[in-house]
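# Descriptive analysis of the structure
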Amino acid sequence: MSTKRRVGVLISGRGSNLQALIDAAKAPDYPAKLVLVVSNVPDVQGLTRAEVAGIPTCTVNHRDFPSREAFEAALDEALGGAGAELLCNAGFMRLLTESFVSRWLNRHLNIHPSLLPAFKGLDTHARVLNAGATITGCTVHFVRAAMDDGPIVAQAAVPIHADDTEESLAARVLAAEHRLYPHALRLVASGQVTMDGERVVGMLEGADGTYEVALFSPPLPGNF
Ligand code: GRF
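Residues numbered from 1 in each chain as written. Predicted model: local features only at pLDDT ≥ 70, side-chain atom pairs only at ≥ 80, totals over all residues. Heavy atoms only, no water.

### Quick look at the sheet that holds strand β8 (residues 193-196)
An order of β8-β9-β10 is seen for the three strands of this open sheet, with the pairing classed as antiparallel. Each edge of the open sheet is held by one strand with a lone partner, namely β8 and β10 (211-213). Neighbour-to-neighbour, the strand axes of this sheet turn through a mean angle of 40°, independent of strand direction. Of the pairings in the sheet, the one linking strand β9 (residues 199-205) to β10 comprises three bridges and is antiparallel in character. In the strand pairing of β10, Glu 205 is matched with Tyr 211. (Pairing = 2+ DSSP bridges. Helix = DSSP H or I, 4+ residues; strand = E, 2+ residues; numbered from the N terminus. Axes fitted to C-alpha atoms, helices over the stretch in contact; angles between N-to-C directions.)

Following this line, the structure appears as structure tokens:
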């Protein structure tokens, strides 16, 4: 019997992070299986990526619903129907209500292209460059109701070059995102991280097979 955790993915567009998860999940030892991809925008590239990979898809268009709650009830119904246990936002561009967030508490990940808690929100790379930052990166965190807020599961740092444009920086960070998201989902799906209050901590396996809490979740190996 498969012990893989069943994962739903929420998207709104291109789906390159979804593709990174699809590719990672092909490994026999990957602890998660993508069981449904839901887009709130019809006909996006991410839906095609899922179809090509043989993953069930559906579109739940927020414009078709009278309220945020009704939209989210439809999301929940689709995810419940697929038996999703974990949820990943991958370029999902809708804010979710406290009620939805609490139903998926500590089972719901988001990726953001900055070193949170710096540079939350949109137009991240332009703001990073305008601020004169020399290092940026990406963050996978558990979702909370506030935008790009929540306990950090994993981060990758990315250098900023003097001649970077918004586009060149976005491309460098995106390459890091594609390595980071599969790593973070692996940590969560395999139980290698746990919560200590509102902080994510790692679980260290001792020689005797017992686990103890480590200070940080295991970092992504390698540099950018
Ligand atoms: C990524 O940069 C992600 O961090 C942000 O939106 C972008 C989505 O890109 N939340 P994609 O759809 O995964 O290609």
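After that view, the rundown keeps rolling.
### Things to note about the domain arrangement of the chain
Taken domain by domain, the chain comprises domain 1 (1-104) and domain 2 (113-224). Just the C-alpha atoms count here: the centres of domain 1 and domain 2 sit 20 Å apart. Contacts between the two partners involve 21 residues from domain 1, matched on the other side by 15 residues from domain 2. Interface of domain 1 and domain 2: buried area, both sides summed, is about 1600 Å²; carbon and sulfur atoms make up 69% of it. Across the contact surface, domain 1 and domain 2 share one salt bridge. Taking the shortest distance from any N to any O, the salt bridge between Asp 29 and Arg 186 comes out at 3.8 Å. Here domain 1 is connected to domain 2 by five residue pairs in polar contact (both at pLDDT 80 or more). For the side of domain 1 that touches domain 2, the secondary structure elements donating two or more residues are β1 (5-11), α1 (16-24), β4 (86-89) and α4 (98-103). (Domains from an automatic or database assignment. Contact = heavy atoms within 4.5 Å. Buried area = accessible area lost by both parts, 1.4 Å probe. Salt bridge = Lys/Arg side-chain N within 4 Å of Asp/Glu carboxyl O. Polar contact = N/O pair within 3.5 Å; in protein donor to acceptor, adjacent residues only side chain to side chain.)

### Some remarks on the environment of Asp 123
Considering the arrangement of structural elements, one finds Asp 123 in the loop between β5 (108-112) and α5 (124-131). Residue classification places Asp 123 among the exposed positions, given a relative accessible area of 56%. Separated by 63 residues in sequence, Asp 123 and Val 60 place their C-alpha atoms 25 Å apart. (Buried < 20%, exposed > 50% of the residue type's maximum accessible area, 1.4 Å probe, protein only.)

### Examining the site of the ligand
Taken together, Arg 14, Gly 15, Ser 16, Asn 17, Gly 91, Ile 111, His 112, Pro 113 and Glu 177 make up the full set of residues near the ligand. In this structure, Arg 14 approaches the ligand through a side-chain N or O atom, which is 2.5 Å from an oxygen atom. Listing elements by their share of the shell around the ligand, those giving two or more residues are α1 and β5. Classifying every residue of the shell around the ligand gives two nonpolar, five polar and two charged. (Near = heavy atom within 4 Å. Nonpolar A, V, L, I, M, F, W, Y, C, P; charged D, E, K, R; others polar.)

### Here we look at the packing of aromatic side chains
Applying the stated criterion across every chain, the model contains two aromatic pairs. For the pair Phe 65 and Phe 71, a centre-to-centre distance of 6.2 Å together with 55° between the ring planes defines the contact as tilted. Given a relative accessible area of 28%, Phe 65 falls into the partly exposed group. (Phe/Tyr/Trp six-rings, centres within 6.5 Å; stacked < 30°, edge-to-face > 60°.)

### Let's talk about unusual backbone geometry
Following Leu 116, the chain continues into Pro 117 via a peptide bond in cis, with omega recorded as 10°. With respect to the element layout, Pro 117 can be found in the loop between β5 and α5. Backbone geometry at Phe 119 places phi at a positive 60°, although glycine is not the residue there. Here Phe 119 lies in the loop between β5 and α5. Backbone geometry at Asp 123 places phi at a positive 50°, although glycine is not the residue there.

### Remarks on helix α2 (residues 45-52)
All of the buried residues along α2 are Gly 46, Leu 47, Arg 49 and Ala 50. Angular distribution of buried residues about the axis of α2 spans 160°; they occupy a single face of the element. Looking at the buried residues of α2, the elements they touch are β1, α1, β2 (32-39) and β3 (57-59). Immediately beyond the C-terminal end of α2, within one or two residues, lies Gly 54, with a positive phi of roughly 75°. (Arc of directions from axis to C-beta.)

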